[in-house]
Structure formats: C-alpha cells, structure tokens
Amino acid sequence: AQSVTQLGSHVSVSEGALVLLRCNYSSSVPPYLFWYVQYPNQGLQLLLKYTSAATLVKGINGFEAEFKKSETSFHLTKPSAHMSDAAEYFCAVSDRTSGTYKYIFGTGTRLKVLA
Amino acid sequence: DVKVTQSSRYLVKRTGEKVFLECVQDMDHENMFWYRQDPGLGLRLIYFSYDVKMKEKGDIPEGYSVSREKKERFSLILESASTNQTSMYLCASREGDSGANVLTFGAGSRLTVL
C-alpha cells in the first residue's frame, strides 16, 4: 500500500520568507499527488496536483510543488509567505489497491507565519 | 463549482446516542467519501461509496455505518456514539474513478461525544 510522510508537524516562517513543506511518498508506480490546504474551521481545498504532465506544478495563491521521482518527494514551496498562508497543509497520494481509487493523506503540517 | 454541504457543523451528543451526519453534493458525482480528522493523524478514510447503494469500508470502519439511497446524499451513522468518536468528520465527493480527479470537501462536522 502507498503511504505519505510529511516531515514536520509544525513549521514557522517569517512573513516574506520562503515556505518549504516537505512530502515524501512511497509508490511503485507513477503516482497522482496532491496538496490540500485547510484554513481554520473549514474543509480542505485543493492547492495543486501532479498527474505526470510536468514535474513542476503551479497552484493557487503562489504555491508550487516539484515532483522528484529519484527522491520520491513532492515538496510544496512559496517564495514569500503571507500572513494569510497560515493554515494546515496536507499532502496526499491516490491509491488503487482494491478497485476504486482512494486517497492516502499525510498527517499534515501546520504553517505559522510570524509578523 | 461543486458544492459539498454538511448540514451539521457542530454537534454535541451523549455516549450511546445514535448520530447521523448528513452530506449532500450538487454536481452528480459518483464517488463520495467520509473521513475522520484527528490531530497528528491526518485524515483517515471511514467509508466510501462509488454508486447509489454501493459502499466499501475504508481504513477505520468500526463503529460506523453509511447509507447512500440517493446519488447526491451520503450519510454517516454512529449506531452508539462513544467518547473516542469525538472528532472532526469530513465528507468529500469526486467525479468518476480516475486517480487524477480531485476530491471536493465539505466544511466538516465537529462532533463531541460526552
């Protein structure tokens, strides 16, 4: 079965600094990978997804992620953090082990942006 | 835009009560999912449904059941609520069965069992 590991349950950055949230996956076949964001008291919304069209994927709100097969990684970055980026971020991989595609989520990284 | 609506945002129930969490989507999606979200554990799949009256167990189905009588509605049922079912419950839907398709989530239902 596939799995997703997010390194760092909490990350703090200063406003204007680089955001880097780490995600590693385990997969024996080319995966579909996703990053979702959850703002307080809300559900998850999609930031971006990788479906093998391009290794560098651009998403909403200035975020992007790079698929690196050799490192089995799909790290999320943003060049300059804004206060509004404070949220919890989840990496996910889709998995088809029993007929229907399901999604395996990481344990999440809570991003704090310091003024 | 697809909208997934969870009718109850906050619920407080007592141990042993039967609890219904309702989820409705408005874009004719075939697949619907119920997840449980707990701090440090991420999202864990409870049940999913790929068609009306069709369901499959996810990773943590114990203590839960589901109902999908109509395509747009997917209900999660706690037959006898227990304190360890205090959690945030998230419903999601997806069009078709491609791994590249995106999940669309509701706002969540936060359940407290006393």
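Structure: above.
So, here's what we can say about the structure. (Residues numbered from 1 in each chain as written. Chains lettered and ligands numbered in written order. Predicted model: local features only at pLDDT ≥ 70, side-chain atom pairs only at ≥ 80, totals over all residues. Heavy atoms only, no water.)

## Quick look at the overall build of chain B
Here's step 1: The secondary structure content of chain B amounts to zero helices and 11 strands.
Here's step 2: Taken from N to C terminus, the helices and strands of chain B fall in the order β-β-β-β-β-β-β-β-β-β-β.
Here's step 3: A globule of 114 residues ought to have a C-alpha radius of gyration of about 13 Å, and chain B, at 13 Å, matches this closely.
Here's step 4: Projected onto its principal axes, the C-alpha positions of chain B cover 40 × 30 × 25 Å.
Here's step 5: Each of the 114 residues in chain B was classed as buried or not, and the buried ones make up 48%.
Here's step 6: In chain B, of all internal contacts separated by at least 6 residues, the share reaching a separation of at least 24 is 55%. (Helix = DSSP H or I, 4+ residues; strand = E, 2+ residues; numbered from the N terminus. Rg over C-alpha atoms; globule rule 2.2 N^0.38 Å. Buried < 20%, exposed > 50% of the residue type's maximum accessible area, 1.4 Å probe, protein only. Contact = heavy atoms within 4.5 Å.)

## Observations regarding the layout of surface pockets
Here's step 1: Within this model, the largest pocket holds a volume of roughly 510 Å³.
Here's step 2: Q38, E88 and R110 of chain A together with Q37 and P39 of chain B are the residues nearest the centre of the largest pocket, which is lined by 27 residues in total.
Here's step 3: Elements supplying a minimum of two residues to the lining of the largest pocket: β2 (10-14), β9 (87-95) and β11 (109-114) of chain A together with β4 (31-38) and β9 (87-94) of chain B.
Here's step 4: Taken as a whole, the second largest pocket holds about 160 Å³ of empty space.
Here's step 5: Lining the second largest pocket are Y103, I104, F105, G106 and T107 of chain A together with Y35, L41, L43, R44, L45, D59 and I60 of chain B.
Here's step 6: Of all the secondary structure elements, the ones that give two or more residues to the lining of the second largest pocket are β10 (102-105) of chain A together with β5 (42-51) of chain B. (1 Å grid on protein atoms, 1.4 Å probe; cavity = no way out; pocket = protein on both sides within 12 Å on 5 of 7 lines; lining within 4 Å. Points joined across faces, edges and corners; volume = space filled by probe spheres on them.)

## Considerations on the sheet that holds strand β1 (residues 3-7) of chain A
Residues and elements named next belong to chain A.
Here's step 1: Taken in spatial order, the five strands line up as β1-β3-β8-β7-β6 in an open sheet, and their pairing is antiparallel. Looking at strand neighbours, the two that pair on one side only are β1 and β6 (56-58), the edges of this open sheet. If you compare each strand with its neighbour and ignore which way they point, the axes differ by 20° on average.
Here's step 2: Pairing analysis gives four bridges linking strand β3 (residues 19-26) to strand β8 (residues 73-78), with the strands arranged antiparallel. When the sheet's bridge partners are listed, L21 is paired in β8 with L76. (Pairing = 2+ DSSP bridges. Axes fitted to C-alpha atoms, helices over the stretch in contact; angles between N-to-C directions.)

## Some words on the interface of chain B and chain A
Here's step 1: Listed as interface residues are 26 residues of chain B and, on the opposing side, 24 residues of chain A.
Here's step 2: Both faces combined, the contact of chain B with chain A buries some 1900 Å², and carbon together with sulfur accounts for 55% of it.
Here's step 3: Summed over the shared surface of chain B and chain A, the result is zero salt bridges.
Here's step 4: Linking chain B with chain A are eight residue pairs in polar contact (both at pLDDT 80 or more), by the criterion used here.
Here's step 5: For the side of chain B that touches chain A, the secondary structure elements donating two or more residues are β4, β5 and β9 of chain B. (Buried area = accessible area lost by both parts, 1.4 Å probe. Salt bridge = Lys/Arg side-chain N within 4 Å of Asp/Glu carboxyl O. Polar contact = N/O pair within 3.5 Å; in protein donor to acceptor, adjacent residues only side chain to side chain.)

## Some remarks on the sheet that holds strand β3 (residues 19-25) of chain B
Residue and element names in this part refer to chain B.
Here's step 1: Read from one edge to the other, the open sheet built from four strands follows the order β1-β3-β8-β7, with strand pairing classed as antiparallel. Looking at strand neighbours, the two that pair on one side only are β1 (4-6) and β7 (65-70), the edges of this open sheet. Each strand axis lies, on average, 20° off the axis of its neighbour in the sheet, ignoring direction.
Here's step 2: Where β7 meets strand β8 (residues 73-78), four bridges bridge the pair, whose relative direction is antiparallel. Considered in β8, the bridge of S65 is made with I77.

## A closer look at the packing of aromatic side chains
Here's step 1: Scanning the entire structure with this criterion turns up 16 aromatic pairs over all chains.
Here's step 2: Centroid distance F63 of chain A to Y89 of chain A: 5.5 Å. Interplanar angle 45°. Geometry classified as tilted. Placement of F63 of chain A in the loop between β6 and β7 (64-68) and of Y89 of chain A in strand β9 is noted, with a sequence separation of 26 residues between them. Side by side, F63 of chain A and Y89 of chain A carry an identical accessibility label, which is buried.
Here's step 3: For the pair F105 of chain A and Y35 of chain B, a centre-to-centre distance of 5.4 Å together with 85° between the ring planes defines the contact as edge-to-face. Of this pair, F105 of chain A sits in strand β10 while Y35 of chain B is found in strand β4, placing the two residues in two different chains. Neither F105 of chain A nor Y35 of chain B differs from the other in exposure class; each is buried.
Here's step 4: Put simply, the rings of F34, Y36, Y103 and F105 of chain A together with F33, Y35, F48 and F105 of chain B touch in pairs and so form one group of aromatic residues. (Phe/Tyr/Trp six-rings, centres within 6.5 Å; stacked < 30°, edge-to-face > 60°.)

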